[in-house]
Amino acid sequence: MDKSILIIGACGQIGTELTLKLRKNYGKNAVIASDISEGSEELMQSGPFEFINALDYNQISAVIDKYAITEVYLMAAMLSAIGEKFPAKAWELNMNSLLNILNLAKEGKIKKIFWPSSIAVFGPTTPKENTPQKTVMEPTTVYGISKLAGERWCEYYYDKYGVDVRSMRYPGIISWKTSPGGGTTDYAIEIYHKALLDGNYDSFLSKDTKLPMMYMEDAIDATLKIMEAPAENIKIRSSYNLAAISFTPEEIAEEIKNFIPKFAISYHSDFRQSIADSWPSSIDDSEARKDWGWQHKFDLAKLSDSMLRNLQVKFDEIKTQK
């Protein structure tokens, strides 16, 4: 059977770019984007789109039947900072959407699942430097709690029912194409926007808060790599550690000053500081590199150059259209 892919939550930060990349690789009609509302013009015009509520089992099942879907990428989620404001809703969305997809796979309706976990599964008792694949996991946010529970469900459905579900723990993801989605690591996107538009940025994290980060291009590459790997190479069926680079707000500001010398940064921590403080500062992802050949391409300098150049073009185009 030909590959037919459904992306649920396709209009989010990662979902948007993942959809476009998959359509480039497999053809636009082989990749069905879906979300509860429309996405960017580029996404909507690039291929088929269906309105799907990730909590509606019957709606998902009908779309799977309609397009003879073989693979599902479940990208719908409520992220850390927003989840703390709406904990019950975050739990419902993050947990029940996953169980819907796992049960559809259990019934034989789909062959392969991608579900992203997060560094939010770790907590203040986790070793902060080079956090191991297997370690203490006591998350302090509803987002992290839901992701940790989801990892256990993924492994359970693989062990009990043979469901081919694959997962990795995303670090903070940085992209110029879509707006920040409410995550604690989104300061690292906002800072580039503010640098170009205002010449300054007021960080909601302290200057020395070091967190694992990754450029979107690397994140998409990792996602495709784990899904394309032979099943026997996927040794971990909960979720793989994934890493690229780690840096602080102060370090990213210094890098920006290489491009914008007058850029200024100030620091006023808010509730997101305690979330960041509970997360690792660096991740040991040697298992992913060994099992399915993961390698990152972007360091902080290369990432900053790409962010600033692409955002400047984007902002110039917006000015021209006005």
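Structure: see above.
Read on for a plain summary of the structure. Throughout, a residue's number is its position along its own chain's written sequence, starting from 1. Per-residue local features of the predicted model are confined to residues with pLDDT of at least 70, and side-chain atom pairs are confined, for both listing and counting, to 80 or more; whole-chain, interface and lining totals are unaffected and use all residues. Working from all heavy atoms in the structure, the side-chain values ignore hydrogens and water.

## Structural notes on the layout of surface pockets
Here the second largest pocket is characterised by a volume of approximately 340 Å³. Lining residues are defined by having an atom within 4 Å of a point belonging to a cavity or pocket. Those points lie on a 1 Å grid over the protein atoms alone, cavities being sets where a 1.4 Å probe fits but cannot get out and pockets being open sets with protein on both sides within 12 Å along at least five of seven lines. Together, 15 residues line the second largest pocket, and Glu-17, Lys-21, Lys-177, Glu-217 and Ile-220 are the ones closest to its centre. Listed by contribution, the elements that provide at least two residues to the lining of the second largest pocket are α1 (13-26), α8 (216-228) and α12 (300-321). Under the DSSP-based scheme used, a helix requires at least four consecutive residues in state H or I and a strand at least two consecutive residues in state E, with every element numbered from the N terminus. Element by element, the count of residues in the lining of the second largest pocket is highest for α8, at five residues. Taken together, the residues of the lining of the second largest pocket break down into six nonpolar, three polar and six charged. Grid points are joined across faces, edges and corners, and a volume is the space filled by probe spheres set on the points. For this classification, the nonpolar set comprises Ala, Val, Leu, Ile, Met, Phe, Trp, Tyr, Cys and Pro, the charged set comprises Asp, Glu, Lys and Arg, and every other residue, Gly included, is treated as polar.

## Details of the sheet that holds strand β8 (residues 168-170)
Here, any two strands with at least 2 DSSP bridges between them count as paired. Strand order in the open sheet formed by three strands is β6-β8-β12, and the pairing between neighbours is parallel. Because the sheet does not close on itself, it has two edges, and the strands there are β6 (117-118) and β12 (240-241). Across two bridges, β8 lies against β12 in parallel orientation. By the bridge assignment for β12, Arg-169 is matched with Asn-241.

## So, the nonpolar core
Judged by nonpolar contacts, the single largest core of 70 residues is most densely connected at Tyr-73, Ile-174, Tyr-192 and Trp-292. For this core, the element with the most residues is α8, which contributes seven residues. The contact definition used throughout considers only heavy atoms, calling two residues in contact when any of these lie within 4.5 Å. Discounting chain neighbours no more than four positions away, the residues touching Tyr-192 are Ile-174, Ile-252, Ile-256, Leu-300, Leu-303, Ser-304, Met-307, Leu-308 and Leu-311. What makes a nonpolar core is a set of buried Ala, Val, Leu, Ile, Met, Phe, Trp, Tyr and Cys residues whose side-chain atoms join them at distances within 4.5 Å. Exposure categories follow from relative accessible area, calculated using a 1.4 Å probe and restricted to protein chains: below 20% of the type maximum is buried, above 50% is exposed, and the middle band is partly exposed. Counting residues in each nonpolar core, the second largest holds 31 residues, with Ile-52, Ala-54, Ala-76 and Ala-105 among its members.

## Some details on α1
Multiplying 1.5 Å by the residue count of a helix minus one yields the expected span of that helix. Taking 1.5 Å as the rise per residue, α1 with 14 residues should run 20 Å; its terminal C-alpha atoms sit 21 Å apart, in good agreement. Among the 14 residues of α1, 10 are classified as buried, and the element is accordingly described as predominantly covered. Looking only at α1, the buried set comprises Gln-13, Ile-14, Gly-15, Thr-16, Glu-17, Leu-18, Thr-19, Leu-20, Leu-22 and Arg-23. Following α1 by one or two positions, Gly-27 adopts a phi angle in the positive range, close to 100°.

## A look at the side chain of Ser-167
Relative to the helices and strands, Ser-167 is located in the loop between β7 (165-166) and β8. Overall, the relative accessible area of 3% leaves Ser-167 in the buried class. Only 2.8 Å separates the side chain of Ser-167 from the side chain of Ser-239, close enough to count as a polar contact. What Ser-167 contacts, discounting residues up to four positions off in sequence, is Phe-114, Trp-115, Pro-116, Ser-117, Ile-226, Ser-238, Ser-239 and Tyr-240. Any pair of nitrogen or oxygen atoms within 3.5 Å is treated as a polar contact; in protein, a donor-acceptor pairing is required on top of that, and neighbouring residues in sequence qualify only through side-chain atoms on both sides.

## Overview of the pattern of salt bridges
For this document, the term salt bridge refers to a Lys or Arg side-chain nitrogen within 4 Å of an Asp or Glu carboxyl oxygen. In total, this model carries 16 salt bridges according to the counting rule given. Between Arg-152 and Glu-155 there is a salt bridge, with the nearest N and O atoms lying 2.5 Å from each other. You can see Arg-152 and its partner Glu-155 sitting in helix α6 (residues 142-161), three residues apart, about one turn around the helix. On the basis of relative accessibility, which here comes to 42%, the residue Arg-152 falls in the partly exposed class. Given the relative accessible area of 24%, Glu-155 is considered partly exposed. When the shortest N-O distance is used, the salt bridge between Arg-166 and Asp-164 registers 3.0 Å. On the basis of relative accessibility, which here comes to 1%, the residue Arg-166 falls in the buried class. Three or more residues joined by partner-sharing salt bridges are found here, namely Lys-3, Glu-71 and Lys-112.

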